[in-house]
Each structure stands twice: as C-alpha cells, then as structure tokens.
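This is what each chain is made of:
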Amino acid sequence: MELIVAVYDDWGIGRNGTQPLALSADRKFFRDTTRGAMVILGRRTAADFPGGKPLPGRVNVLLTKSGGDFPGYTVCAGVEEAAELAKTVERAMVIGGGSVYRQMLPLCDTAYVSKVHACPESDTFFPNLDEAPDWELAEILQSGEENGIAYEMCRYRRK
C-alpha cells in the first residue's frame, strides 16, 4: 500500500480539518498520482472535498467507525477491513487525514510526500519520515516554486 500527503516544514498537515495552505502544483501532483487508484480516507477528509463527494476516477474507501450513508463511498469500519479491500486492487493509496495516516502508515511501503516550505499553524501532524529509522528518501520527483513558496514532491520507501 502507498500513501500521499502534503507536509509543511514542521510536518504539519492541516488545521480544523483542512489544509491551511495548498499549492496548485501539489493538487495536480495529487490528482495525477492517485488517478485510477483506490483511495482510503477518513470522514473529515471526505467532508473537505467539494460537496463532500467522492473523488472521480478513483475507488473511494471511507474509513469510519460511526457508520452512516455515504453515497459513492465504500465504507469500512476498521483498518483491517480497508487493508483487505486494498489487496483486491492494483494500487491503493491512503490520503488522510491524520488519524487514518497514523493507523495505516505501518501497512504502507511507499509514501509520496509534497514538502511545502512554509509553516502555517497546524493542529494535525504527519510523522517526520526524515527522522524515522525505517524510512528513506528514495527520490525527489519534482521541485519548484509557487507564489514565492518552494516545494518538492518526494518519494519515500520503507527500508
């Protein structure tokens, strides 16, 4: 399984259920990287999508213990159920939020990390893979600057 996340310099990923700072280059990287894949996400991440609707061109798996009716989503009550479902597809990607990342990270072997070199206030953080002994930076896929903010899209792999 893989994951994709955008982090700030302090490895913050969000505030109040959304990204405080988003770059169009990162949005495009996310779209291109996840297109055609199964994406696994939590309720708050889904609520941040336009209209709360599932992402087009992907199988959207919603990880939630509270149940409910979520049209267009396949609902899983737990990590194990989502992980089993992920085995049925060629590519499955965890896309957030913080709680889902924490639960699913041990099951992932590849992480696509957009490093946005800014530090807006965040209340949700992703583990710093640069300091994690079981992860290594495999390659920088692209880099650039947008609106005066530098960024890199990186691929990490589990050692």
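Quick caveat: nothing in here was measured; it's all calculated off a predicted structure.

1. Regarding the overall build of the protein
Link 1 in the chain: Broken down by element type, the protein carries four helices and 10 strands.
Link 2 in the chain: For the protein, the succession of helices and strands along the chain, N to C, is β-β-α-β-α-β-β-α-β-α-β-β-β-β.
Link 3 in the chain: For 159 residues, the compact-globule formula gives about 15 Å, and the C-alpha radius of gyration of the protein, at 15 Å, lands near that figure.
Link 4 in the chain: Sorting the 159 residues of the protein into buried and exposed places 47% on the buried side.
Link 5 in the chain: Counting contacts in the protein only where the partners sit at least 6 residues apart, residues at least 24 apart contribute 63% of the total.
Link 6 in the chain: Of the accessible surface of the protein, which amounts to about 8,100 Å², a share of 49% is contributed by carbon and sulfur atoms.

2. Quick notes on the nonpolar core
Link 1 in the chain: Of all hydrophobic cores here, the largest spans 28 residues; its most connected members are L3 and F126.
Link 2 in the chain: Looking at this core, the elements that each hand over two or more residues are β1 (2-8), β3 (38-42), β4 (59-63), α3 (79-86), β6 (92-96), α4 (98-104), β7 (110-116) and β10 (149-158).
Link 3 in the chain: Beyond its immediate chain neighbours, meaning those up to four positions away, F126 contacts L3, V5, V7, W11, I13, Y101 and L105.
Link 4 in the chain: Membership of the second largest hydrophobic core comes to 22 residues, among which are I4, L41, F49 and Y112.

3. Here we look at the environment of G52
Link 1 in the chain: Among the secondary structure elements, G52 is positioned in the loop between α2 (43-48) and β4.
Link 2 in the chain: Classification of G52 as partly exposed rests on a relative accessible area of 27%.
Link 3 in the chain: Here the alpha-carbon distance between G52 and I140, two residues 88 residues apart in the chain, equals 32 Å.
Link 4 in the chain: In contact with G52, not counting residues within four places along its chain, are A46 and Y73.

About the thresholds
Residues numbered from 1 in each chain as written. Predicted model: local features only at pLDDT ≥ 70, side-chain atom pairs only at ≥ 80, totals over all residues. Heavy atoms only, no water. Helix = DSSP H or I, 4+ residues; strand = E, 2+ residues; numbered from the N terminus. Rg over C-alpha atoms; globule rule 2.2 N^0.38 Å. Buried < 20%, exposed > 50% of the residue type's maximum accessible area, 1.4 Å probe, protein only. Contact = heavy atoms within 4.5 Å. Areas by Shrake-Rupley, 256 points an atom, 1.4 Å probe, with all protein chains shown as cover. Core = buried A, V, L, I, M, F, W, Y, C linked by side-chain atoms within 4.5 Å.

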